[in-house]
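Descriptive analysis of the structure
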Number of protein chains: 2
Amino acid sequence: MNKDNNMEQQILQCAEELFLEKGFSLVSTTDIAKKAGCNQALVHYYFRTKENLFQQIFQAKFTKFLYIFTTFDDSDEPFTTRLRKKIEAHFDLLIENRQIPFLVINELILNEERRSALVKNIYNKNLEIYRRFDHELQEEIQKGNIRPISTIDLLINIVSMNIIIFFMLPMLESQFNFDEEEITEILQQRKREVVETIMCSIRPQNK
Amino acid sequence: MNKDNNMEQQILQCAEELFLEKGFSLVSTTDIAKKAGCNQALVHYYFRTKENLFQQIFQAKFTKFLYIFTTFDDSDEPFTTRLRKKIEAHFDLLIENRQIPFLVINELILNEERRSALVKNIYNKNLEIYRRFDHELQEEIQKGNIRPISTIDLLINIVSMNIIIFFMLPMLESQFNFDEEEITEILQQRKREVVETIMCSIRPQNK
DNA sequence: ATTTTGTTTAATAACCCTATTAAATAAATT
DNA sequence: AATTTATTTAATAGGGTTATTAAACAAAAT
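Being a predicted model, the structure only gives us computed values, none of them experimental.

Cut-offs used in this document
- Residues numbered from 1 in each chain as written.
- Chains lettered and ligands numbered in written order.
- Predicted model: local features only at pLDDT ≥ 70, side-chain atom pairs only at ≥ 80, totals over all residues.
- Heavy atoms only, no water.
- Near = heavy atom within 4 Å.
- Polar contact = N/O pair within 3.5 Å; in protein donor to acceptor, adjacent residues only side chain to side chain.
- Helix = DSSP H or I, 4+ residues; strand = E, 2+ residues; numbered from the N terminus.
- Nonpolar A, V, L, I, M, F, W, Y, C, P; charged D, E, K, R; others polar.
- Least-squares fit on C-alpha atoms with pLDDT ≥ 70 in both.
- Salt bridge = Lys/Arg side-chain N within 4 Å of Asp/Glu carboxyl O.
- Buried < 20%, exposed > 50% of the residue type's maximum accessible area, 1.4 Å probe, protein only.
- Disulfide = S-S within 2.5 Å.
- Contact = heavy atoms within 4.5 Å.
- Buried area = accessible area lost by both parts, 1.4 Å probe.

Attention shifts here to the protein's contact with DNA strand D. The local shell around DNA strand D holds 16 residues, among which Thr-29, His-44 and Lys-50 of chain A together with Asn-39 and Tyr-45 of chain B are the closest. Counting only the atoms of DNA strand D within 4 Å of the protein, the fraction contributed by sugar and phosphate is 61%. A distance of 3.0 Å is found between a base nitrogen of DNA strand D and a side-chain nitrogen or oxygen belonging to Gln-40 of chain A. Asn-39 of chain B is positioned with one of its backbone polar atoms (N or O) 2.6 Å from a phosphate oxygen of DNA strand D. Listing elements by their share of the surface near DNA strand D, those giving two or more residues are α2 (29-36) and α3 (40-47) of chain A together with α3 (40-47) of chain B. The element that contributes the greatest number of residues to the surface near DNA strand D is α3 of chain B, accounting for four residues. Class assignment of the residues belonging to the surface near DNA strand D gives a composition of eight nonpolar, seven polar and one charged.

In structure tokens, the structure reads:
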């Protein structure tokens, strides 16, 4: 409703918030219109279908969700230092977008078509990055700096431990009544613990 | 529709399958009736409301989901052996109920009332078990057998790594076309990896 | 100033949803 | 056999949903 911020943007913005909160199916175009302050038909005028609108939002969120698979730091710091930073960066990204894990898991499980489209997309785009990481990791294992582990298992471990706390946030907020400050602290602590757990878990056996 | 298996059971059974597959809101009482082979009104006759029907199913699933929080093995094996077994038992339970993680996460995030009711219930029922586990773990840490870690972080790590693969199953099945046998193998391998990761992650620093 | 284009709304078609009602059928009890 | 009770169905109220349409309004271009 800002003067040069047009209604199309407003709708997109409101839809994003609602979808993140409740997922695709629990948000109606009427809800979106109400929040954006416009007529329900306008949502369809700009985006034609609800599915369309959702796609535009979901794609970007999914990339963030898989950050750990889709970025590569080629500075000359040691591997473990870079890995640690990558885990932290992923976690920080999720802190800024706390509902992403819920949205992604939810829609990916529920909607076969979405799954199919996204997986292919991401897979093709990031294969090269994955290969470089894979190569580096297996080299470190060869050198005996890291215990043997498959690249995919390690990445899955990281993603899983990074996202889990965000599934628990609604509980911490509404059941245990933590306030925003406490939640921030819990998240920071959890981040440290994930990094610690991962780093410990890849130490070679004989060291 | 079996002769002594009455329709009430049939409805419950079908509802369970559908809820596990799609969650509460994407399953209608009409869907349930169709699957059970009866009139839609009958679902309401036996269970009055859809919410009611769902509750009966969800409660049991939730307990399984938190198995790791709600069981205690007091055999005289060493702590780490029992921990390993507990992780495996939890994972095996999820193998038998693969959609539980999705259902639980989904409904717990979406529905404040469900959350509230269940959390209190579980919390009260299992506080004693949690305390015993906590006591044992911290004792092992004192003895230097395990690196310092909070009990809750350890349990969260286990749950998170145990459940994540079940979020990925739909993708493995429909996108990468793994068949049932391959999935079984993937799950077994993932179980081993989780156990390995956890056991490695709690080794004391100096060993 | 008027036409053209873009934005927004009210109205509505064509669904699907839960829950209830009364009526029909089947089973159990007297 | 007749009556009571339990099971099942058809019909429907009252609500919500997406998407489209035609009409109203505003802005830009001629």
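Once you've had a look at it, read on.
Take the relation of the copies chain A and chain B next. Between chain A and chain B, which share one sequence, the superposing operator has a rotation angle of 180° and an axial displacement of 0.0 Å; the RMSD is 0.1 Å. In symmetry terms, the pair is related by a two-fold rotation axis. Among all residues of chain A, the minimum C-alpha distance to the rotation axis is found for Ser-201 of chain A, at 2.1 Å.

Moving on to the protein's contact with DNA strand C. Near DNA strand C, the surroundings consist of 16 residues, among which Asn-39 and Tyr-45 of chain A together with Thr-29, His-44 and Lys-50 of chain B are the closest. In DNA strand C, atoms within 4 Å of the protein come 60% from sugar and phosphate. Gln-40 of chain B has a polar side-chain atom sitting 3.1 Å from a base nitrogen of DNA strand C. Lys-50 of chain B has a polar backbone atom sitting 2.9 Å from a phosphate oxygen of DNA strand C. Put simply, the parts of the chain that give the surface near DNA strand C at least two residues each are α3 of chain A together with α2 (29-36) and α3 of chain B. Here the surface near DNA strand C gets four residues from one element, more than from any other, and that element is α3 of chain A. Of the residues assigned to the surface near DNA strand C, the class counts are eight nonpolar, seven polar and one charged.

In this section: the pattern of salt bridges. Overall, the coordinates contain 28 salt bridges over all chains when judged by the stated rule. Where Lys-61 of chain A meets Glu-16 of chain A, a salt bridge forms, and the shortest distance between an N and an O atom there is 2.8 Å. A residue pair is termed long-range when its members are at least 10 positions apart, and Lys-61 of chain A in helix α4 (residues 50-65) and Glu-16 of chain A in helix α1 (residues 7-22) qualify at 45 residues. The shortest N-O distance in the salt bridge between Asp-74 of chain B and Arg-132 of chain B comes to 3.4 Å. Linking Asp-74 of chain B in the loop between α5 (67-70) and α6 (79-96) with Arg-132 of chain B in helix α8 (residues 112-142), this pair joins segments that are 58 residues apart in sequence. The exposure class of Asp-74 of chain B is exposed, given its relative accessible area of 56%.

Bringing unusual backbone geometry into the picture now. The phi dihedral of Arg-48 of chain A falls on the positive side, at around 60°, and the residue is not glycine. Along the chain, the position of Arg-48 of chain A falls in the loop between α3 and α4.

All right, on to the state of the cysteines then. A covalent bond between the sulfur atoms of two cysteines is what we call a disulfide. As enumerated under the stated definition, the model contains zero disulfides over all chains in all. Here Cys-14 of chain A is not cross-linked by a disulfide; its sulfur's nearest cysteine counterpart is in Cys-38 of chain A, at 8.3 Å. With a relative accessible area of 6%, Cys-14 of chain A lands in the buried category. Between Cys-200 of chain A, a free cysteine, and Cys-200 of chain B, which holds the nearest cysteine sulfur, the sulfur-to-sulfur gap is 9.7 Å.

It is worth spelling out the interface of chain A and chain B at this point. Contacts between chain A and chain B engage 41 residues on the former and 41 residues on the latter. Between chain A and chain B lies a buried interface of about 3,900 Å² when both sides are counted; carbon and sulfur atoms form 64% of it. Counting the surface chain A buries against chain B, the share from its top three residues, Ile-109, Gln-175 and Arg-203 of chain A, is 14%. On the surface where chain A and chain B come into contact, there are four salt bridges. Between Glu-193 of chain B and Arg-147 of chain A there is a salt bridge, with its nearest N and O atoms 3.2 Å apart. For the pair chain A and chain B, the number of links is 18 residue pairs in polar contact (both at pLDDT 80 or more). Listing elements by their share of the side of chain A that touches chain B, those giving two or more residues are α1, α7 (100-110), α8 (112-142), α9 (151-174) and α10 (180-201) of chain A. Of the residues belonging to the side of chain A that touches chain B, the class tally is 19 nonpolar, 11 polar and 11 charged.

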